[in-house]
Amino acid sequence: MMLTLSIATFRERWQLFTGAIITVMLGVAIVQSSLLIVASAGRYGEAIAVLGLALGVSVFLAIFVVSATFAFTIAQRRRDLALLRLIGGSRGQLRRLLLAEALLLGIVGTVLGVPAGQIVLSLQTALLTHLGFLPDSFAAAWHGWVLWVSSGIGIGVAEAGVLAASRRAARVRPLEALREIGAAGKVMTAARWLVGALLTVVALILMTIATAVDNPNGAIPLSINATVALALGLSALSPVVVPVLGRLIGSLAGRTTVGGLARANLRDGVRRSSSTAAPLLVLVALLIGLAGTFGSLSAGAHHRLAADLRGDLVAAGPVTPGTPGVAAASTEYALTIRVTTVTHYGGDTGTETDDVEALAVDPAAYQQAHRLPLLAGSYADLHGLTVAAAGGHLGASVPIRVGGRDLTARVVAVLPPTLNGGPQYLLPQDIVPPAALGPARAIVRLEPGAESAAVARTLPQPVLTLDDWIAHTDSAQDSLNAGVMKVVLGMATIYAAIGVINAVVIGTGERRREFAVARLTGYSRGQVVASALLESAIVTVTGLLLGLLGALATLIGISGVAGTLVAPWGIVWLTIPSAFLAVGATSVWTTLAATRLAPIALAGARE
C-alpha cells in the first residue's frame, strides 16, 4: 500500500523531486567515474588523492542536498501527511511511505546516473589529463562491479537523506499540521536547537585541536571537518538568523511598499528562506575553507623554505667542490623510493607500501645549506643504511626499495613535516645506485666578493637566484593546488547550485496563491516580483555571511601548522556576485511564472 501511495505521490508531485533526482544522478555518475579511474590509476598517486577528496565531498553534498530537499518538501506536504494520519495511518506507515519515495528517487537517480557516469568519466579523464595528474594515454577500464556500487550509492544517498526528515514528519500531530500551529508550525524545534548547538561546539573543539597539531596530515582533516560541522550547525540555526538579517537588510529599503512586503514574507517564510540559504552556506564554507587551506599551506611552505635554505644560487645539476667563486654547494638528487610502514588499527597490525619523494644527499653539505633544525637525531649519523624521515620515529627500522634493491634502513634523524609536498626522506648518496638518481639541483653559496653572474655562467644551466627558484617552486605547487580546486570545488559548486535553485523553485511554486492575494490587495505584478527578488537577496546575504563564518573554522585551524592565515579574496569576490546572480535570476524567473495567470483565478485555489 505504501509503495502504491509513493508511486502516486511521485507521479503527481514530480516537480518537487526533480532537484533531488538530479543530485542523486550526479552523485552516482561521479562516484562511478571516480572509482573506475582509481581502479586503473594505481601508479598515479596524485590523481587518486584528488579523486578521493572528490568522492568524499560528492557523497557528503549529495546526502545534504537530498536531505534538505526532502525536509522542505515534507514541510510543504504537511496537510497531506496529516490527512493520512487522520484516516488511520500510523507513524510507522508514514515513515515507510517516505522511505519508499526515497527508494524510488534512488532507483530513478541510479538509472539515469549509470549512463551519465560514462560522460563524466570522459570529462574527468580529460580534466585530470589536462591538469597533469594523468598521462595523455590513460584510459580507464570498465569493471562490472561498479554497477553494484553505483546502485548502492544511489539508493543509499536517497535513503540517508530522507531518514531525519521521515522521523520528523512521523512526529507531527495531525491537528497541529492541519491548523499550522504548535510544534508542526515551528521551524526551530528543541531538537534543531540541540543539533545546531552540538555541531557548533564540535566544530570549535576540532578547530582548537587543529591549531595545536604540528603535522598537516592531521591538521588538514581536522580543519575541514571543523568547517563541515560548523556549516551544518549554522545551517540548523539559520532560521534564527534569517528573520534578524531580514529586518536589518530590509530596513535599508526604507518604508517602501516592496521592502515592507519582503520583510513580511521573510518573517512568515522562515523555513523557505533557511532551506534556500543552507546549500549556499555549505558551498561557501567549503569553497573558502579549502581555498584558504591551500593558500595558507602554500604561504607557510614559502616562508619555511625561505627560512630553511642558505645560499645565493640554485643550479640545475651537480656542482663539484672547488668550483671558482663557490664557498659551499649541496647537490641534491631527487628520486622516488618505495617505503613500507607498519600500521596499527585496533588490535590488528598491517603494512602499507607507498611511493614517496626523497633526496639523495651528502649529509655534511646538506647541513650547511639548510638551517631548519631537526626534530630529533643528527645529520652526522646519516651514513650507511640510514635515512632521515619526516614524521618518523628515531631508531625505527624502515623497509625501503631503492633502484630495484630492497633495503632496511634505520631512522637516524627526524625532519620537520612538509607543508606543501616535497621530499619525505633523505638518503645518503652512497646507498643509492647511480641509475636510480633523478634530476639534480645544487644549492650554491658564493664566496665573499664573488660576482654572481660570472659564477652562474660556470654552473650547470639553468641557474636561478635563490629567491627566483623559491618563487618558481611555489608557482609549480600553486598550479597543482589550482588543479585540485578545479576538480573538487567545481563539482561542489554544481551541487550547491542544484540545491539552491531547487529550493527556490519548490518554494516559489507553492506561493502562487500568496502572490495572487498580494496582487488582489493592491500590489502590482512588478512589485510582487521585486519583493521576491529582495527576499532572495537577503537570503543570499545570509548564506554568504554564515558560509564565511563556517570557513573560519578551517582557516583558523590550518593557521597553526601553516604559521600564517591566507584569506582567498579572489574566490570570495568571485563567489559573491555568482551567488546573487544565480539566486536572483532563479527567483525572478520562478516568480514571473507563478504570477503569469490572473490573480482572481489563483486566490481561492488550494496550494
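Summarised in this report is the structure supplied together with it. Note that this is a predicted model, so its numbers are computed, not measured.

## Things to note about the overall build of the chain
In terms of regular secondary structure, the chain is built from 19 helices and ten strands. With the principal axes as the frame, the chain shows a C-alpha extent of 95 × 55 × 40 Å. Looking at the chain residue by residue over its 607 residues, the buried ones come to 47%. When contacts within the chain are restricted to residue pairs at least 6 apart in sequence, long-range pairs at least 24 apart make up 85% of them. Within the structure as shown, the chain displays about 27300 Å² of accessible surface, and the carbon and sulfur contribution to it stands at 64%. Distance between charge centres in the chain, computed from 41 positive and 32 negative side chains, equals 20 Å.

## What to know about the pairing of strand 5 (residues 386-390)
Judged by how many residues are buried, strand 5 sits mostly within the fold: five of five residues are covered. Burial of strand 5 is two-sided: the residues Thr386, Ala388 and Ala390 facing one way and the residues Val387 and Ala389 facing the other way are all buried. Taken together, the five bridges between strand 5 and strand 7 (residues 405-415) define a ladder with parallel strand orientation. Bridging across to strand 7, alanine 388 finds its partner in alanine 413.

## Looking at the pattern of salt bridges
Scanning the model with the defined rule gives three salt bridges in all. Residues arginine 441 and glutamate 332 are paired through a salt bridge, measuring 3.0 Å at the closest nitrogen-oxygen approach. Highlighted residues: arginine 441 in strand 9 (residues 440-446) and glutamate 332 in strand 2 (residues 326-345), separated in sequence by 109 residues. The exposure class of arginine 441 is partly exposed, given its relative accessible area of 24%. In this structure glutamate 332 comes out as buried when scored by relative accessible area, which is 1%. With a shortest N-O distance of 2.8 Å, arginine 338 and aspartate 355 are connected by a salt bridge. Of this pair, arginine 338 sits in strand 2 while aspartate 355 sits in strand 3 (residues 348-361), and the two are 17 residues apart along the sequence. A relative accessible area of 42% means that arginine 338 is categorised as partly exposed. The partly exposed category is assigned to aspartate 355, whose relative accessible area is 48%.

## Here's the deal with the side chain of threonine 590
In this structure, threonine 590 sits in helix 18 (residues 569-594). Reaching out from threonine 590, the side chain makes a polar contact with the backbone oxygen of threonine 586 at a distance of 2.8 Å. Contact partners of threonine 590, with chain neighbours within four places excluded, come to Val504, Val505 and Thr508.

## As for helix 16 (residues 512-520)
The periodicity of an α-helix, 3.6 residues per turn, causes residues three or four positions apart to be oriented the same way. When we look at burial in helix 16, the residues that qualify are Phe515, Ala516 and Ala518. Down the axis of helix 16, the smallest arc covering the buried residues is 160 degrees, so these residues share one side. Just downstream of helix 16 lies glycine 522, where phi reads positive at about 125 degrees.

## Concerning unusual backbone geometry
With omega at -5 degrees, the peptide bond leading from glutamine 461 into proline 462 counts as cis. Looking at the secondary structure, you find proline 462 in the loop between helix 14 (452-457) and strand 10 (463-465).

## Concerning helix 5 (residues 91-130)
A bend of about 35 degrees at valine 114 is the largest found in helix 5, and the proline proline 115 appears one to four places after it. Where helix 5 ends, the next residue or the one after it, glycine 132, has phi of about 90 degrees, a positive value.

## Description of the nonpolar core
Where a protein is soluble and globular, its nonpolar side chains tend to be buried together. Membership of the largest hydrophobic core comes to 73 residues, with the highest contact counts inside it found for Ile37, Phe70, Leu105 and Leu128. Element by element, the count of residues in this core is highest for helix 3 (residues 45-76), at twelve residues. Apart from residues no more than four positions distant in its own chain, leucine 128 is found in contact with Ile37, Val50, Leu51, Phe133, Leu134 and Val487. Counting residues in hydrophobic clusters, the runner-up holds 21 residues, among them Ile337, Val387, Ile400 and Val411.

## So, the pairing of strand 8 (residues 425-428)
Regular strands place their side chains on alternate faces of the sheet. On strand 8, burial covers both faces: Tyr425 and Leu427 on one face and Leu426 and Pro428 on the other are all buried. Of the strand pairs in this sheet, strand 5 and strand 8 are connected by two bridges, and their pairing is antiparallel. From the neighbouring strand, alanine 388 faces strand 8, where its bridge partner is leucine 426.

## A closer look at the packing of helix 12 (residues 270-308) against helix 17 (residues 525-562)
The N-to-C vectors of helix 12 and helix 17 enclose an angle of 30 degrees; their axes lie 6 Å apart at closest approach. Put simply, helix 12 runs roughly parallel to helix 17. Taken as a pair, helix 12 and helix 17 cross one another with a handedness that is right-handed. In the contact of helix 12 with helix 17, the residues fall into 16 nonpolar, twelve polar and three charged.

## A few points about a nonpolar patch on the surface
Taken together, Leu549, Leu552, Ile556 and Leu565 make up a surface patch of nonpolar side chains, about 310 Å² in accessible area. Summarising the element assignment, leucine 552 is placed in helix 17. Judged by relative accessible area, which is 38%, leucine 552 ranks as partly exposed.

## Re the environment of alanine 518
Turning to its location among the elements, alanine 518 is positioned in helix 16. What makes alanine 518 buried here is its relative accessible area of 12%. Along the primary structure alanine 518 and valine 528 are separated by ten residues, whereas in three dimensions their C-alpha atoms are 7.4 Å apart. Those residues within four positions of alanine 518 in sequence are excluded, and the remaining contacts are Tyr523 and Val528.

## Points about the side chain of threonine 542
Relative to the helices and strands, threonine 542 resides in helix 17. Owing to a relative accessible area of 0%, threonine 542 belongs among the buried residues under this scheme. Of note is the side chain of threonine 542, whose polar atom sits 2.9 Å from the backbone oxygen of isoleucine 538. Those residues in contact with threonine 542 that lie beyond four places of it in its chain are Val241, Val242 and Leu245.

Cut-offs used in this document
Residues numbered from 1 in each chain as written. Predicted model: local features only at pLDDT ≥ 70, side-chain atom pairs only at ≥ 80, totals over all residues. Heavy atoms only, no water. Helix = DSSP H or I, 4+ residues; strand = E, 2+ residues; numbered from the N terminus. Buried < 20%, exposed > 50% of the residue type's maximum accessible area, 1.4 Å probe, protein only. Contact = heavy atoms within 4.5 Å. Areas by Shrake-Rupley, 256 points an atom, 1.4 Å probe, with all protein chains shown as cover. Lys, Arg positive; Asp, Glu negative; His and termini not counted. Charge placed at Lys NZ, Arg CZ, Asp CG, Glu CD. Pairing = 2+ DSSP bridges. Salt bridge = Lys/Arg side-chain N within 4 Å of Asp/Glu carboxyl O. Polar contact = N/O pair within 3.5 Å; in protein donor to acceptor, adjacent residues only side chain to side chain. Arc of directions from axis to C-beta. Bend = angle between axes of the 7 residues up to and from the residue. Core = buried A, V, L, I, M, F, W, Y, C linked by side-chain atoms within 4.5 Å. Axes fitted to C-alpha atoms, helices over the stretch in contact; angles between N-to-C directions. Parallel < 35°, antiparallel > 145°, perpendicular 65-115°, else oblique. Left-handed = near helix turned anticlockwise from the far one by under 90°. Nonpolar A, V, L, I, M, F, W, Y, C, P; charged D, E, K, R; others polar. Patch = residues over 30% accessible without salt bridge, like charges linked within 9 Å, V, L, I, M, F, W, Y side chains within 5 Å.

All quantities given are derived from atomic positions and should not be read as evidence of function.
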